[in-house]
Amino acid sequence: MLMRTDPFRELDRLAQQLMGPGTWSKPAAMAMDAYREGDEYVVAFDLPGVTAEAIDIDVERNMLTVKAERRPAVKSDHVQMELSERPLGVFSRQIVLADTLDTEHIQADYDAGVLTLRIPIAERAKPRKITIGGESVRKEISG
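Residues numbered from 1 in each chain as written. Predicted model: local features only at pLDDT ≥ 70, side-chain atom pairs only at ≥ 80, totals over all residues. Heavy atoms only, no water.

Chemist: Quick rundown of the overall build of the protein chain? Include the residues and the values.
Modeler: On a plain count of helices and strands, the protein chain comes out with 1 helix and 7 strands. Counting from the amino terminus, the protein chain carries its helices and strands in the arrangement α-β-β-β-β-β-β-β. Residue burial in the protein chain is summarised as follows: out of 143 residues, 28% are buried. Within the protein chain, contacts between residues separated by at least 24 positions form 58% of all contacts whose residues are at least 6 apart in sequence. (Helix = DSSP H or I, 4+ residues; strand = E, 2+ residues; numbered from the N terminus. Buried < 20%, exposed > 50% of the residue type's maximum accessible area, 1.4 Å probe, protein only. Contact = heavy atoms within 4.5 Å.)

Encoded structure:
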């Protein structure tokens, strides 16, 4: 289990569309997918136009936090912006990780604007066979 259900997700998305993206004090949410693949969970975040250096991934206990900042591509004071629809600013997402996940061995890759995290399932949480020790000897009881 990666995260708790957030009943206000759609309300947050609507508010973001109406009020714009976030700032460092009020980060905007980022879209993500999460699924299990074998013995690990994969979480993918859409971050187009963000450099790898502008992404911060942090794990404290079982809370995973991803923050990213998309800065304006145009940095000249002599440019007059005619249309600006791409959201800029800070984007953030927090996920509560289950105790059965191995937070010490999370792998992160960033390619084509997608941040992919691979979170392995802890060895102690994997199914295992238990062998039965001792001898199983049948004894006949006479009466």
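Chemist: Could you give an account of a nonpolar patch on the surface, naming the residues involved and the relevant values?
Modeler: Residues V74, V79 and M81 make up a contiguous nonpolar surface patch of roughly 260 Å² in combined accessible area. Among the structural elements, M81 can be located in the loop between β4 (63–70) and β5 (89–96). (Patch = residues over 30% accessible without salt bridge, like charges linked within 9 Å, V, L, I, M, F, W, Y side chains within 5 Å. Areas by Shrake-Rupley, 256 points an atom, 1.4 Å probe, with all protein chains shown as cover. Salt bridge = Lys/Arg side-chain N within 4 Å of Asp/Glu carboxyl O.)

Chemist: Before we move on, could you go through the sheet that holds strand β7 (residues 114–120) and cite the residues and values that matter?
Modeler: Hydrogen bonds along the backbone pair up the strands of a sheet, which may run parallel or antiparallel. Strand order across the open sheet formed by 4 strands is β1-β2-β7-β6, with antiparallel pairing between neighbours. The sheet is open, and its two borders are formed by β1 (32–37) and β6 (107–111), each paired with just one other strand. Across the sheet, the mean angle from the axis of one strand to that of its neighbour is 15°, orientation sign disregarded. Pairing analysis gives 6 bridges linking β1 to strand β2 (residues 40–46), with the strands arranged antiparallel. Within β2, the position partnered with Y35 by the bridge is V42. (Pairing = 2+ DSSP bridges. Axes fitted to C-alpha atoms, helices over the stretch in contact; angles between N-to-C directions.)

Chemist: Hey, could you go over the pattern of salt bridges for me, with residue numbers and the actual values?
Modeler: When the charged atoms of two side chains lie near each other, side chains of opposite charge can form a pair. For the coordinates displayed, the defined rule picks out 3 salt bridges. The salt bridge partner of R118 is E37, with a shortest N-O separation of 2.9 Å. Here R118, found in strand β7, pairs with E37, found in strand β1; they are 81 residues apart in sequence, far enough to count as distant. On the basis of relative accessible area, R118 is assigned to the partly exposed category, the value being 23%.

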